[in-house]
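Here's the letter readout for the chains.
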Amino acid sequence: MNTHSVLPEVPVLDECNYIAVFLTMACPYRCSYCINEYESPREHFRMISTAKWVRALSRLTNLKREQGEVPITLSGGEPSMHPGFYDIINELPERIRIDILTNLSFDVDEMIARVNPDRLRREAPYASIRVSYHPDQMNLDDLLAKTHRLMAANFSVGIWGVLHPDQEGIVLEAQKRAHKEGIDFRTKEFLGLAYGRLYGQFKFPDACTMEKKEKVLCRTSELIMGPNGSVYRCHHDLYENCEPVGYILDPDFRMTGEYLPCECYGHCNPCDLKVKTNRLQQFGYTAVSIKFPQRVESGARRLTGSATS
Ligand code: SF4
Ligand code: SF4
């Protein structure tokens with residue numbers, strides 16, 4: 001492949017609410033409930049270069065929506081552990097808005113020195129730099145101090161705390177303190193298994209229990225790219241390193257939005273099945289749609305059986 005030719009555009013589907021770019025799965029922390037490790041230990045992916053990411057993401061079009069733009073979200077792991085983190089932000093075309101999901105382990109002074117805060121700012125009901133607070137991995141004083149430094153430099157930044165049953169009290173205390181200091185601190189529900197219970201509100205209650213696997217047809221509205229540039233149907237497929245559905249640098253790559261066969265239903269990642277708020281903070285959105293041909297068939301067989309018996 002000619003590494004300098006301009007790739008054909010990839011129009012993002014109208015219904016696409018979320019474009020996730022997992023720059024790396026590396027992270028300096030080890031949270032016991034890390035959603036990257038819902039089923040298996042974290043995979044080590046090859047990372048593609050800054051130039052490749054800029055070339056790949058510059059292909060994305062149809063990002064404007066009536067209610068606002070769909071940003072690309074730099075994520076991970078911890079996205080700042082990609083060696084080209086700042087260059088990717090600075091070299092992407094201006095028309096592509098950028099959000100960041102981070103644990104703020106990076107040097108905020110370097111961010112302030114290298115990135116124009118307007119590059120990470122857009123009309124949205126939440127901050128574009130979304131910091132996750134993990135009480136057993138980080139010091140709250142340091143986290144708040146870093147957040148204040150970014151705010152003072154005019155970055156749009158907010159903190160989110162996961163309401164894990166072991167940490168709910170600590171997170172709520174941290175939220176009170178942050179609010180007193182004028183920091184936007186929100187909570188998010190814990191998704192996953194703890195104390196023999198699956199936490200979270202899911203579209204299908206048996207999708208994430210890991211009790212069995214079922215063949216289904218699944219369609220995602222999200223665009224999920226792994227550190228090596230592969231495109232995955234869902235977070236489960238990325239975290240489990242399943243066969244990707246494409247490669248973002250493939251000139252023929254298109255976002256089709258078709259239903260694809262999957263044999264892993266039952267082991268879905270909570271991120272994909274969670275009933276959540278969309279980018280406009282409207283509740284009731286789920287990333288994937290699923291059809292159950294086997295259930296329809298066995299229902300039809302039962303009906304036929306009862307009609308003939
Ligand atoms: S900071 Fe985030 S990515 Fe890192 S271990 Fe914790 S939950 Fe996982
Ligand atoms: S059924 Fe679950 S594991 Fe399979 S593609 Fe859909 S979300 Fe992913």
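In what follows, the accompanying structure is described. The shown structure was predicted, so the numbers you read here are calculated from the model rather than taken from an experiment. (Residues numbered from 1 in each chain as written. Chains lettered and ligands numbered in written order. Predicted model: local features only at pLDDT ≥ 70, side-chain atom pairs only at ≥ 80, totals over all residues. Heavy atoms only, no water.)

1. Notes on the overall build of the protein chain
Here is step 1: In terms of helices and strands, the protein chain carries 8 helices and 20 strands.
Here is step 2: In terms of its C-alpha atoms, the protein chain occupies a principal-axis envelope of roughly 75 × 55 × 40 Å.
Here is step 3: The contacts of the protein chain with a sequence gap of at least 6 include a subset with a gap of at least 24, amounting to 78%.
Here is step 4: Accessible area for the protein chain stands at about 14500 Å²; split by element, carbon and sulfur atoms hold 51% of it. (Helix = DSSP H or I, 4+ residues; strand = E, 2+ residues; numbered from the N terminus. Contact = heavy atoms within 4.5 Å. Areas by Shrake-Rupley, 256 points an atom, 1.4 Å probe, with all protein chains shown as cover.)

2. Points about the site of ligand 1
Here is step 1: Around ligand 1, a shell composed of Cys27, Tyr29, Cys31, Cys34, Asn36, Arg42, Gly77, Asn103 and His134 is seen.
Here is step 2: Residue composition of the shell around ligand 1, grouped by class: 4 nonpolar, 4 polar and 1 charged. (Near = heavy atom within 4 Å. Nonpolar A, V, L, I, M, F, W, Y, C, P; charged D, E, K, R; others polar.)

3. Describing the site of ligand 2
Here is step 1: All residues in the neighbourhood of ligand 2 are listed as Val216, Cys218, Arg233, Cys234, His236, Cys262, Cys268, Asp272, Leu273 and Ile290.
Here is step 2: Looking at the shell around ligand 2, the elements with two or more residues in it are strand S13 (214–220) and helix H7 (270–273).

4. Digging into the sheet that holds S13
Here is step 1: Judged by pairing direction, the sheet is antiparallel, and its 3 strands sit side by side in the order S17-S13-S20 without closing on themselves. Every interior strand has two partners, whereas the edge strands, strand S17 (260–265) and strand S20 (288–291), have only one. Between one strand axis and the next, the sheet turns through 45° on average, direction left out of account. (Pairing = 2+ DSSP bridges. Axes fitted to C-alpha atoms, helices over the stretch in contact; angles between N-to-C directions.)

5. Quick notes on the nonpolar core
Here is step 1: Counting 56 residues, the largest nonpolar core has Ile19, Leu60, Ile72 and Met111 as its most contacted members.
Here is step 2: Apart from residues no more than four positions distant in its own chain, Met111 is found in contact with Phe85, Tyr86, Ile100, Phe106, Leu120, Ile129, Leu150 and Phe155.
Here is step 3: Listed in part, the 18 residues of the second largest apolar core include Leu191, Phe204, Cys208 and Tyr285. (Core = buried A, V, L, I, M, F, W, Y, C linked by side-chain atoms within 4.5 Å. Buried < 20%, exposed > 50% of the residue type's maximum accessible area, 1.4 Å probe, protein only.)

6. So, helix H4 (residues 140–152)
Here is step 1: Its 13 residues give H4 an end-to-end C-alpha distance of 18 Å, which sits within 8% of 18 Å, the value for a rise of 1.5 Å per residue.
Here is step 2: Buried within H4 we find Leu140, Leu143, Leu144, Lys146, Thr147 and Leu150. The arc that holds the buried residues of H4, viewed along the axis, is 160°, so those residues lie on one side.
Here is step 3: If you follow the buried residues of H4, they end up packed against helix H3 (108–114), strand S8 (129–133), strand S9 (157–163) and helix H5 (168–180).
Here is step 4: N-cap assignment for H4: the residue whose side-chain oxygen lies 2.8 Å from the backbone N of Asp141 is Asn139.
Here is step 5: Asn154 sits one or two residues past H4 and shows a positive phi near 80°. (Expected span 1.5 Å × (residues − 1). Arc of directions from axis to C-beta. Polar contact = N/O pair within 3.5 Å; in protein donor to acceptor, adjacent residues only side chain to side chain.)

7. As for the pattern of salt bridges
Here is step 1: As enumerated under the stated definition, the model contains 16 salt bridges in all.
Here is step 2: Note that Asp141 and Arg177 form a salt bridge whose closest N and O atoms lie 2.8 Å from each other. Of the two residues, Asp141 sits in helix H4 while Arg177 sits in helix H5, which places them 36 residues apart along the sequence.
Here is step 3: Overall, Asp141 belongs to the partly exposed group, its relative accessible area being 44%.
Here is step 4: Residue Arg177 is classed as partly exposed on the basis of its relative accessible area, which comes to 32%.
Here is step 5: Residue Asp184 pairs with Arg186 through a salt bridge whose shortest N-O separation is 3.0 Å.
Here is step 6: One network of salt bridges, with partners in common, ties together Asp206, Lys212, Glu214 and Arg295. (Salt bridge = Lys/Arg side-chain N within 4 Å of Asp/Glu carboxyl O.)

8. Here we look at the environment of Pro165
Here is step 1: Here Pro165 is to be found in the loop between S9 and H5.
Here is step 2: Through-space distance from the C-alpha of Pro165 to that of Ser289 is 29 Å; in sequence the pair is 124 residues apart.

9. Quick look at the sheet that holds S9
Here is step 1: Read from one edge of the open sheet, 9 strands run S10-S9-S8-S7-S6-S2-S14-S15-S16, paired in mixed fashion. Looking at which strands have only one partner, the edges of the open sheet turn out to be strand S10 (185–189) and strand S16 (246–247).
Here is step 2: Judged from the 3 bridges that link them, strand S7 (residues 98–102) and S8 form a sheet pairing that is parallel. Across the sheet, the residue bridging to Leu101 is Arg130, located in S8.
Here is step 3: Contacts from helix H1 (residues 50–57) reach strand S2 (19–22), strand S6 (72–75) and strand S14 (223–225), with the element oriented near 170° to S2.

10. Quick look at the side chain of His267
Here is step 1: Here His267 shows up in the loop between S17 and H7.
Here is step 2: The class for His267 is buried, based on a relative accessible area of 12%.
Here is step 3: The contact partners of His267, leaving out residues within four places of it in the chain, are Glu39, Ala207, Met210, Lys212, Lys213 and His236.

11. Let's talk about the pairing of S9
Here is step 1: Burial analysis of S9 places 6 of its 7 residues in the buried class, which makes it a mostly covered element.
Here is step 2: Note that S8 and S9 share 5 bridges and pair parallel. Note that in S9 the partner of Ser132 across the bridge is Trp160.
Here is step 3: This β-α-β element, S8 to H4 to S9, shows right-handed connectivity. (Right-handed = clockwise from strand over helix to strand, strands pointing away.)

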